Amino acid sequence: MMIFTDFVFYTLAAILLFASIRVITTRNPVHAALHLVLAFFTAAGIWLLLEAEFLAIALVLVYVGAVMVLFLFVVMMLDINIDKLREGFWEYLPMAGTIGLLMAVEMVMVLAGKSTGGKYFSAGRALVHSADYSNTTELGRVLYTDYLLPFELASVVLLVAIVAAIVLTLRDRKESKSMNPADQVLVKKADRLRIVKMDAVVEVAPVEMQNLEEKS
């Protein structure tokens, strides 16, 4: 008999699969970003079922609240040529399908393995924790003890990606309008402001102009 948590899990899993498929199949990039937000929300719900409240809140606050909102604003402000981005899509489809199939096989092998399946899925029930249990503490303990080296490597990779993005953005290009902050600080008032003396011009109303013409 299916219990309530199973029903919630399968519902969230179905929504997550639908949103994930729509992210890569929809033609509008704004709709794709919105479906990705929906996928993040449903993934956070599944983590809540796994008693990983910290990961669920971090996913909602960091990815949905910051990253996806920024990405959505950038997509909406940029004038993206969708037709040009779709050129050559079918040429990469065989390679993408092969990589996707390999990833699916690896996921099935991991979930069906003894190390994962026997430890987490064979009991068929949720673990009972003490009153002072904190999943945040347990996550930090495992992250900074057993997985300290992969965590530091991931941080180095992210740092390299940030530096590379900054370098690519600030590189000298013909169409770029970059400014030197040092030159901006050293600029004087005379370099930007020039006072030009001009004769005063008096505008005459059309009625007054007609009266002057009649008098003349």
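Residues numbered from 1 in each chain as written. Predicted model: local features only at pLDDT ≥ 70, side-chain atom pairs only at ≥ 80, totals over all residues. Heavy atoms only, no water.

Trainee: Would you mind showing me how to read helix 5 (residues 93-112) here?
Mentor: A rise of 1.5 Å per residue sets the reference length of helix 5, with its 20 residues, at 28 Å; its end C-alpha atoms lie 28 Å apart and thus fit the reference within 8%. For helix 5, a buried count of zero out of 20 residues is recorded, marking the element as mostly open to its surroundings. (Helix = DSSP H or I, 4+ residues; strand = E, 2+ residues; numbered from the N terminus. Expected span 1.5 Å × (residues − 1). Buried < 20%, exposed > 50% of the residue type's maximum accessible area, 1.4 Å probe, protein only.)

Trainee: Looking at this model, I keep getting lost on unusual backbone geometry. Mind explaining?
Mentor: Note: most peptide bonds trans; most residues except glycine with negative phi. Positive phi values are uncommon outside glycine, yet glutamate 51 reaches one of about 60°. Mapping glutamate 51 onto the fold places it in the loop between helix 2 (29-49) and helix 3 (53-77). Using a relative accessible area of 31% as the deciding quantity, one classes glutamate 51 as partly exposed.

Trainee: Just checking my understanding: could you explain the packing of helix 1 (residues 4-25) against helix 2 for this structure?
Mentor: A pair of packed helices can be characterised by two numbers: the angle between their axes and the separation between those axes. Close contact between helix 1 and helix 2 brings their axes to 8 Å; oriented N to C, the two are set at 155°. What the angle tells us is that helix 1 and helix 2 run roughly antiparallel. Helix-helix and strand crossings are classified by hand; for helix 1 and helix 2 the assignment is left-handed. Only Ala32, His35, Leu36, Leu38, Ala39, Thr42, Ala43, Gly45, Ile46 and Leu49 of helix 2 make contact with helix 1, whose side of the interface consists of Thr5, Val8, Phe9, Leu12, Ala13, Ile15, Leu16, Phe18, Ala19, Ser20, Arg22 and Val23. A class-by-class count of the residues in the contact of helix 1 with helix 2 yields 16 nonpolar, five polar and one charged. (Axes fitted to C-alpha atoms, helices over the stretch in contact; angles between N-to-C directions. Parallel < 35°, antiparallel > 145°, perpendicular 65-115°, else oblique. Left-handed = near helix turned anticlockwise from the far one by under 90°. Contact = heavy atoms within 4.5 Å. Nonpolar A, V, L, I, M, F, W, Y, C, P; charged D, E, K, R; others polar.)

Trainee: Whenever I open this one, the packing of helix 2 against helix 3 confuses me. Can you help?
Mentor: Running from N to C, helix 2 and helix 3 cross one another at 175°; their axes reach a closest spacing of 9 Å. Comparing their axes, helix 3 and helix 2 come out roughly antiparallel. Judged by residue contacts, Pro29, Val30, Ala33, Leu34, Leu36, Val37, Phe40, Phe41, Ala43, Ala44, Trp47 and Leu48 of helix 2 engage Glu53, Leu55, Ala56, Leu59, Val60, Tyr63, Val64, Met68, Phe71, Leu72, Val75 and Met76 from helix 3. Classifying every residue of the contact of helix 2 with helix 3 by side-chain character gives 23 nonpolar, no polar and one charged.

Trainee: For this particular structure, what's the right way to read helix 3?
Mentor: Structural remark: α-helix, 3.6 residues per turn; residues separated by three or four positions point the same way. Across its 25 residues, helix 3 extends 34 Å between first and last C-alpha, which sits within 8% of the 36 Å expected from 1.5 Å per residue. Buried residues along helix 3 sit against helix 2.

Trainee: I'm lost on the packing of aromatic side chains in this one. Help?
Mentor: Centre-to-centre distance and the angle between the planes together describe a pair of aromatic rings. If you walk through the whole model with that rule in mind, you get three aromatic pairs. For the pair phenylalanine 9 and tyrosine 10, a centre-to-centre distance of 5.4 Å together with 65° between the ring planes defines the contact as edge-to-face. Accessibility expressed as a relative area gives 37% for phenylalanine 9, which makes it partly exposed. (Phe/Tyr/Trp six-rings, centres within 6.5 Å; stacked < 30°, edge-to-face > 60°.)

Trainee: What is the right way to read a nonpolar patch on the surface from this model?
Mentor: Side chains of Val69, Leu70, Phe73, Val74, Met77 and Leu78 sit close together on the surface and give an oily, nonpolar patch of about 610 Å² of accessible area. Turning to its location among the elements, valine 74 is positioned in helix 3. A relative accessible area of 35% places valine 74 in the partly exposed class. (Patch = residues over 30% accessible without salt bridge, like charges linked within 9 Å, V, L, I, M, F, W, Y side chains within 5 Å. Areas by Shrake-Rupley, 256 points an atom, 1.4 Å probe, with all protein chains shown as cover. Salt bridge = Lys/Arg side-chain N within 4 Å of Asp/Glu carboxyl O.)

Trainee: Could you clarify how one ought to interpret the confidence of the model for the chain in this entry?
Mentor: Should the pLDDT be low somewhere, the predicted coordinates at that spot are not to be read in detail. Confidence along the chain averages 79 in pLDDT terms, with 77% of residues attaining 70 or more. Low pLDDT (under 50) marks residues 116-124, which in the prediction has seven contacts with non-local residues, meaning those over four places away or in another chain. (pLDDT = per-residue confidence, 0-100.)

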